[in-house]
Amino acid sequence: MIPSFTAKSSDFQTYVDARNFIAGEYQSPLTSKETLEVLNPRYGKAIARVAMSGRDDVDAAAKAAAAAYPEWRRMPIRDRAYVFYVLRQLMVQHLEELTWLVSHENGKLYSEAKAEVEKAIECVEYGCSLPNIAAGSQLEVSRGVRCEVVYEPLGVVAGIVPFNFPCMVPFWMIPQAIVGGNAFVLKPSERVPLSMMRIAQLMKDAGLPNGVFNIVNGGREVVEALCDHEQIKAVGFVGSTKVAKLVYSRASASGKRALCLGGAKNHLIVVPDADLAVTADNVVASFTGGTGQRCMAASVMVAVGDCDHIIEAVRARAAKMVTGNDMGPVTSEAAAARIKGYIDSAERAGAKIILDGRKADPVKGGFWVGPTIIDNATTDMPAAREEIFGPVLTILRVPNLDRAIEIENASPYGNASSIYTTSGDIAQRVMQRVEAGMCGVNIGVPVPREPFGFGGWNDSLFGHGNMTGWDGYLFWTRQRKITSKWALQKDQTWMS
Ligand code: NAD
């Protein structure tokens, strides 16, 4: 039994240490003695420790999942989904608690953490809807011959997730995988293992049988063991491109189905006819939301022609933000140093820092960078090319739309791209040509919500399909094709 997290504000508060959840029980690692601090980034102080697991713990979790799987897959999908109806109720009931837990372990603002938990609940709702939409199909394909397609689970499957959405990203996978009949092993980010540990209790309270959902905490060793384990049939991954590539090739090499979402460098193209207020509000929300630690965050604004009025409005709005109140900390001291390094290097190379967050320090000890805008950058600067993953907007000024699209398409990433314009023609031209899987028109964070699938292109996604919505269900299930003939009439085709 895990106690509730009782914080009611951002004031520093500790919580219980993070432990694994295997076969319905909270457990310490079998042999590993390694632990890490879970830091509240607002204060830079540990709110708990996480026990880091080894290969033997992955094996124990996979075995527990394999033991639970046969009974779970035999249950009708409606009964499996019912557990998620109850889970939804419990998550709504515990919304405040989960919100504060996400906020404390990740550092994001209360409002952002609440939106995250609400989005996780939306993903659970999609899982609840599956019995109504996963009916499969059937057709008489020849006289007296029927083909039927049914969706079946894969068996034991695993999810590996990043630090920036401790609660939402696991729920990009869990409802489709578990309602689909699989048993699941989750490897949370070692930096934010607390909210999913708490939710494991809610899943048990909702009636999920022991072993259907398991958590193994840890780092690289656990990830590699999940990729290698012969009982695990599929791996979903969300994180940086470097690790996405590693996980994709290692999991594929051992014959697993793998879908690995990576990093991003999202471009917002702005043309002079864009609506000033909509654009300025939206661009600022996109690059500062979650302190820029979102794979959908605006990173580069490509200003086409004379956009001085829009750039000034963006700067003025971002300058009003109070770091600590309107924007949270970044995840670690190393992240703050890395982000400031990008700003320093752009400045040294001749860019103009028109809003400088390098000195922000609202709470002593925390990991802070304020909203920052780098103007007059050039495409060779690391700030214009690499994922910064912080509250930094790099502005590239270009003479025309073709050059803007060329810059966007030269990026190896392809997660998101947006256009700000009041012209349907310009919007259409950009939407037809940018190399990005998730595109926005006057929307800075163009997340495709359920039932649509979430996923980028190029170096932002390795594998086939998308992570959420119906595509997620297809990833976590396989199709059985049944061809049957009962009638005795003579068929006229080669099938007779
Ligand atoms: P990360 O890649 O460092 O970590 C992700 C997971 O991989 C964690 O569970 C971590 O423990 C594990 N891991 C880290 N290094 C590893 C290694 N060498 N071998 C095996 N496993 C390893 O990512 P992060 O810093 O937690 O999250 C930020 C990144 O995630 C950003 O690049 C961001 O763009 C990306 N992200 C992408 C999406 C998307 O949908 N495309 C969504 C959220 C975050």
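See the structure shown above.
Please read these numbers as outputs of a predicted model, since none were measured by experiment. (Residues numbered from 1 in each chain as written. Predicted model: local features only at pLDDT ≥ 70, side-chain atom pairs only at ≥ 80, totals over all residues. Heavy atoms only, no water.)

### Things to note about the site of the ligand
As a structural note, the neighbourhood of the ligand is formed by 27 residues, with Lys187, Glu190, Ser240, Gly262 and Glu387 the closest of them. Within the contact set of the ligand, an oxygen atom lies 3.1 Å away from a backbone nitrogen or oxygen of Phe163. Between an oxygen atom of the ligand and a side-chain N or O atom of Glu387, the distance comes to 2.6 Å. Breaking the shell around the ligand down by element, the ones donating at least two residues are helix 7 (220–228) and strand 10 (232–238). A domain split of the shell around the ligand shows at least three residues from each of domain 1 (20–262 + 460–480) and domain 2 (266–441). (Near = heavy atom within 4 Å. Polar contact = N/O pair within 3.5 Å; in protein donor to acceptor, adjacent residues only side chain to side chain. Helix = DSSP H or I, 4+ residues; strand = E, 2+ residues; numbered from the N terminus. Domains from an automatic or database assignment.)

### Points about the packing of aromatic side chains
Inspection of the entire model under this criterion finds 12 aromatic pairs. Judged by centre distance (4.4 Å) and plane angle (35 degrees), the ring pair of Trp172 and Phe454 falls under tilted. With a gap of 282 residues between them, Trp172 in helix 5 (residues 170–179) and Phe454 in the loop between strand 19 (438–441) and strand 20 (457–458) connect regions that are remote in the sequence. According to the relative accessible area criterion, Trp172 is buried, its value standing at 5%. (Phe/Tyr/Trp six-rings, centres within 6.5 Å; stacked < 30°, edge-to-face > 60°. Buried < 20%, exposed > 50% of the residue type's maximum accessible area, 1.4 Å probe, protein only.)

### Considerations on the side chain of Ser418
Secondary-structure assignment places Ser418 in strand 18 (residues 416–420). A polar contact of 2.6 Å, which involves the side chain of Ser418, links it to the backbone oxygen of Ile443.

### Notes on the sheet that holds strand 6 (residues 145–153)
Sheet architecture is open: 3 strands sit in the order 5-6-22, paired in antiparallel fashion. A strand with exactly one partner marks an edge of an open sheet, and here the two such strands are strand 5 (137–142) and strand 22 (477–485). Adjacent strand axes in the sheet meet at a mean angle of 25 degrees when their direction is disregarded. Pairing analysis gives 9 bridges linking strand 6 to strand 22, with the strands arranged antiparallel. Counted as the bridge partner of Arg146 is Ser484 from strand 22. Each of strand 6 and strand 22 is contacted by helix 15 (residues 469–476), which is oriented at about 75 degrees to strand 22, the strand it contacts most. (Pairing = 2+ DSSP bridges. Axes fitted to C-alpha atoms, helices over the stretch in contact; angles between N-to-C directions. Contact = heavy atoms within 4.5 Å.)

### Remarks on the state of the cysteines
On inspection of all chains with the given rule, the structure shows 0 disulfides. Summary of cysteine pairing: Cys227 is not part of a disulfide, and the nearest cysteine sulfur, belonging to Cys260, is at 7.4 Å. Here Cys295 is not cross-linked by a disulfide; its sulfur's nearest cysteine counterpart is in Cys123, at 13 Å. A relative accessible area of 18% means that Cys295 is categorised as buried. (Disulfide = S-S within 2.5 Å.)

### A closer look at the side chain of Gln293
Note on placement: Gln293 falls in the loop between helix 9 (276–288) and strand 13 (298–304). Polar side-chain contacts of Gln293 include one of 3.0 Å to the backbone nitrogen of Thr331. Setting aside anything within four residues of it in sequence, one finds Gln293 in contact with Phe163, Asn164, Pro329, Val330, Thr331 and Phe389.

### Considering the nonpolar core
Counting 77 residues, the largest nonpolar core has Met91, Phe171, Trp172, Ile178, Phe184 and Phe213 as the members making the most contacts within it. The greatest single-element share of this core, amounting to 9 residues, is contributed by helix 4 (residues 110–133). Core analysis: the next-biggest nonpolar cluster, separate from the first, contains 34 residues, Ile339, Ala383, Ile426 and Val434 among them. (Core = buried A, V, L, I, M, F, W, Y, C linked by side-chain atoms within 4.5 Å.)

### Re the pairing of strand 12 (residues 266–270)
Across the 5 residues that make up strand 12, a large majority, 5, are buried. Burial of the side chains of strand 12 extends over both faces: Asn266, Leu268 and Val270 are buried on one face and His267 and Ile269 on the other. Pairing geometry for strand 12 and strand 13, over 5 bridges, is parallel. Bridging across to strand 13, Ile269 finds its partner in Val302. One crossover worth recording links strand 12 to the parallel strand 13 by way of helix 9, and it is right-handed. (Right-handed = clockwise from strand over helix to strand, strands pointing away.)

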